[in-house]
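Observations on chain architecture
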Amino acid sequence: MIIFADFERKRFFNSHACLHQLDQTLPNPFTIGAMRIIGLTLFLTALVVSCAGAALAAERVKAVGKVLDANGNAIEHAAVLVYSAGVKKGFSIFCPTCYVDCGKRTFTGADGAYTIAGLDPDLVFNFLIVREGYNATFVRKVDPGTGPVETAVLQKRTSPENPSQIVRGRVVDLKGVPVRDALVEQQGAISGMRRSFGAGGWIDLIAVTNDQGDFEIASSKPLDAAIVQVSPRGMAAKIATISTGADRKTITVTEGAVIRGRLLQNGKPVAQAEMGLSTHSQRAEDYLPEVRIGTDEDGRFALTNVPPNRIWYLYAKMEALAPRGLSTEIIECATKSDGQEVDVGDIPVKPGYTLRGKIVMSDGKPIPPDMRINLFSDRVRDSQTLTLAPDGLFEFKGLTRGVYSLAPSVKGYEWRDNPSTELLIDRDVSNLAVLLQPANPMKR
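Residues numbered from 1 in each chain as written. Predicted model: local features only at pLDDT ≥ 70, side-chain atom pairs only at ≥ 80, totals over all residues. Heavy atoms only, no water.

1. Focus on the overall build of the protein
Rule in force here: Labels follow the DSSP assignment, with helices taken as runs of H or I lasting at least four residues and strands as runs of E lasting at least two, numbered in each case from the N terminus. Only protein chains enter the area calculation, which uses a 1.4 Å probe; residues under 20% of their type maximum are buried, those over 50% are exposed, and those in between are partly exposed. Throughout, a residue-residue contact means that at least one pair of heavy atoms, one from each residue, lies within 4.5 Å. All accessible-area figures derive from a Shrake-Rupley calculation using a 1.4 Å probe, and residue coverage is judged against the displayed protein chains alone.
Helices and strands together make up the secondary structure of the protein, namely three helices and 34 strands. The buried share of the protein, reckoned over its 444 residues, is 56%. For the protein, long-range pairs separated by at least 24 residues make up 72% of all intrachain contacts whose partners lie at least 6 apart in sequence. Approximately 18600 Å² of the protein is accessible, and the part contributed by carbon and sulfur atoms is 49%.

2. Focus: the side chain of glutamine 165
With respect to the secondary-structure elements, glutamine 165 resides in the loop between strand E8 (152–154) and strand E9 (166–172). Look at glutamine 165 and you get buried, because its relative accessible area is 14%. Excluding residues within four positions of it along the chain, glutamine 165 makes contact with Pro160, Ile217, Ala218, Ser219, Ser220, Lys221 and Pro222.

3. Considerations on the sheet that holds strand E29 (residues 383–387)
Selection rule: Paired strands, in this sense, are two strands between which DSSP finds at least two bridges. Here the axes come from fitting lines to C-alpha atoms, over the contacting stretch only for helices, and the angles between their N-to-C directions go from 0 to 180 degrees.
Pairing in this open sheet of four strands is antiparallel, and the strands run E29-E28-E31-E33 from one edge to the other. Bordering the open sheet on either side are E29 and strand E33 (422–425), each of which pairs with just one other strand. The average angle at which neighbouring strand axes cross in this sheet is 25°, direction not considered. As paired elements, strand E31 (residues 402–409) and E33 share four bridges and run antiparallel to each other. Its bridge partner being in E33, glycine 402 is matched across the sheet by isoleucine 425.

4. Overview of the sheet that holds E8
The mixed open sheet is built from three strands, whose spatial order is E5-E2-E8. Strand pairing shows two members of the sheet lacking a second neighbour, strand E5 (113–119) and E8, which therefore form its edges. Across the sheet, the axes of successive neighbouring strands diverge by a mean angle of 30°, strand direction being ignored.

5. A word on the pairing of strand E19 (residues 274–279)
Consecutive side chains along a regular strand alternate between the two faces of the sheet. Taken across its six residues, E19 has six buried, putting it largely inside the fold. Neither face of E19 is left uncovered, since the one carrying Glu274, Gly276 and Ser278 and the one carrying Met275, Leu277 and Thr279 both have all their residues buried. Sheet topology note: the E19/strand E20 (residues 291–294) ladder contains four bridges and is antiparallel. The residue of E20 that forms the bridge with leucine 277 is valine 291. Here five bridges tie E19 to strand E22 (residues 310–316), and the two strands are oriented antiparallel to one another. Paired with threonine 279 across the strands is tryptophan 312, a residue of E22.

6. Considerations on the confidence of the model for the protein
Put simply, the rule reads: Per-residue confidence from the predictor is reported as pLDDT, which spans 0 to 100.
Looking at the protein, the pLDDT average stands at 83 and 84% of residues meet or exceed 70. Predicted confidence for residues 1–58 stays below pLDDT 50, and this span has 222 contacts to residues more than four positions away or in other chains.

7. Quick look at the pairing of strand E7 (residues 137–142)
Pairing between strand E6 (residues 123–130) and E7: four bridges, direction antiparallel. Bridge pairing in E7 links phenylalanine 125 to valine 142. Remark: six residues form the turn of the hairpin made by E6 and E7, two consecutive strands paired antiparallel; glycine 133 in that turn has positive phi of roughly 90°.

8. Details of the environment of glycine 352
The topology assignment puts glycine 352 in the loop between strand E26 (350–351) and strand E27 (353–361). Each C-alpha atom, one on glycine 352 and one on threonine 328, is 7.8 Å from the other, the two residues being 24 residues apart in sequence.

9. With respect to the environment of glycine 325
Summarising the element assignment, glycine 325 is placed in the loop between helix H3 (318–321) and strand E23 (326–327). Considering only alpha carbons, one finds glycine 325 and lysine 397, 72 residues apart in sequence, at a separation of 5.2 Å. Beyond its immediate sequence surroundings of up to four residues, glycine 325 is in contact with Lys350, Pro351, Gly352, Lys397 and Gly398.

10. Overview of the packing of aromatic side chains
The cut-off we apply is this: Paired rings are identified among Phe, Tyr and Trp, the last through its six-membered ring, by centres lying within 6.5 Å, and are further divided according to the angle between planes into stacked (under 30 degrees), edge-to-face (over 60) and tilted (the rest).
With the rule as written, the count across this model stands at four aromatic pairs. Pairing tyrosine 114 with phenylalanine 127 gives two aromatic rings, centres 6.4 Å apart and planes at 65°, and the pair type is edge-to-face. Note that tyrosine 114 is positioned in strand E5 and phenylalanine 127 in strand E6, a separation of 13 residues in sequence. Comparing tyrosine 114 with phenylalanine 127, the two get one shared label, buried.

11. Focus on unusual backbone geometry
Backbone geometry follows two general trends: most residues other than glycine have a negative phi, and most peptide bonds adopt the trans configuration. Not every positive phi belongs to a glycine, and aspartate 181 is a case in point at roughly 65°. With respect to the helices and strands, the residue aspartate 181 is situated in the loop between E9 and strand E10 (183–191). Assessed through its relative accessible area of 11%, aspartate 181 is described here as buried. Although it is not a glycine, asparagine 305 sits at a positive phi angle of roughly 60°. Here asparagine 305 lies in strand E21 (residues 300–306).

12. Overview of the environment of valine 171
Inspection of the secondary structure puts valine 171 in strand E9. On the basis of relative accessible area, valine 171 is assigned to the buried category, the value being 0%.

13. Points about the pattern of salt bridges
Stated formally: Any Lys or Arg side-chain nitrogen located within 4 Å of an Asp or Glu carboxyl oxygen qualifies as a salt bridge.
Counted under the stated rule, the structure contains 20 salt bridges. The closest approach of N and O atoms between aspartate 214 and arginine 170, which form a salt bridge, is 2.6 Å. Pair noted here: aspartate 214 is in strand E13 (residues 214–218) and arginine 170 is in strand E9, with a separation of 44 residues, a long-range link. The salt bridge involving glutamate 332 is made with arginine 379; its shortest N-O contact spans 2.9 Å. Here arginine 379 lies in the loop between strand E28 (372–377) and E29 and glutamate 332 lies in strand E24 (residues 331–335), a separation of 47 residues in the sequence. For glutamate 332, a relative accessible area of 52% puts it in the exposed group.

Here it is in structure tokens:
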């Protein structure tokens, strides 16, 4: 089964476009709906990428909490989703819903309790709680390392009276069998000739299908139709446009295709590396989130439940290979039908380029503690993040040839004189100077 590691995202919602400043306080999730990273990433993360490794898993933490109704009764089978995250210390402009942990989910038991394991101990999180018949709610600033999560209390939900504010649907498989526990996220709204994207104007950010495969999401204002993203367990994700109204529309989901291959370096398998898969299309109405999976001991990987009739970018994640100074080229491939197996063959791993530079403060001050610098690929959803040393020196390794965007994250400063943060990396770069100046007070 594939692992969607990012809630969503249209091209203009990608990591380097979503430069939200995260200080000690996380942003309100409703204000970052433009990054909608929710939808697809969610259903997958019950399975954490195998390349994490035993040592890394031992360093991670788990969140334990409970979901109750307004009368203090336990709510069973509520979906608990990791919606967004931010650093505990310092400052980062990394997209809040782009962290690997975002998208992990679980369900509450009969006692209303839940556990989400394998979380990054350096982050704090916003959890989204969803249950049919209740208004979704957030539990914010969750720090699993400090103890149990604050108890979530759900209030009963009332649907709008105007049918044009309601999107009702039923998710089924090819045999017409209802699909339970599929995540359904609004992706866009259609009113006449106008299309809008983002969380603004929606009462429900996301819904989960019930035993009959039914779901309902509501808008705060009348619409003609909605674009929704459906993420069923063990099946291919799907984007559908359905009209508003009292009647229920059927969305049929399928098993999807398989993309497989192998990573080799000098003829030897590269194990415990993470592969990424992104849609070639960056149009807001049909963009799907990145998919991640790890390689096994033989360097092999298999991405299952890949949506058909799509062109994809396939690549080894920088996070996995960059520490080794390695990289791969980005591969283009296509899935044409359900049940298809696409074998991309052996993917050569080779030494990557290195980008070295220095952050220089115009006022001569040292770099404050826990400041960061991010490097984003402009072609696929891949990035690296480094914590800056007091002297401002940084080094990014394992870069394949391509265009990248550099984003320093030093609170109170900006890269004002640089006309573009874009860099073409086609060789080693060893002397990049980044001059940061005090930011305009409105930007601090």
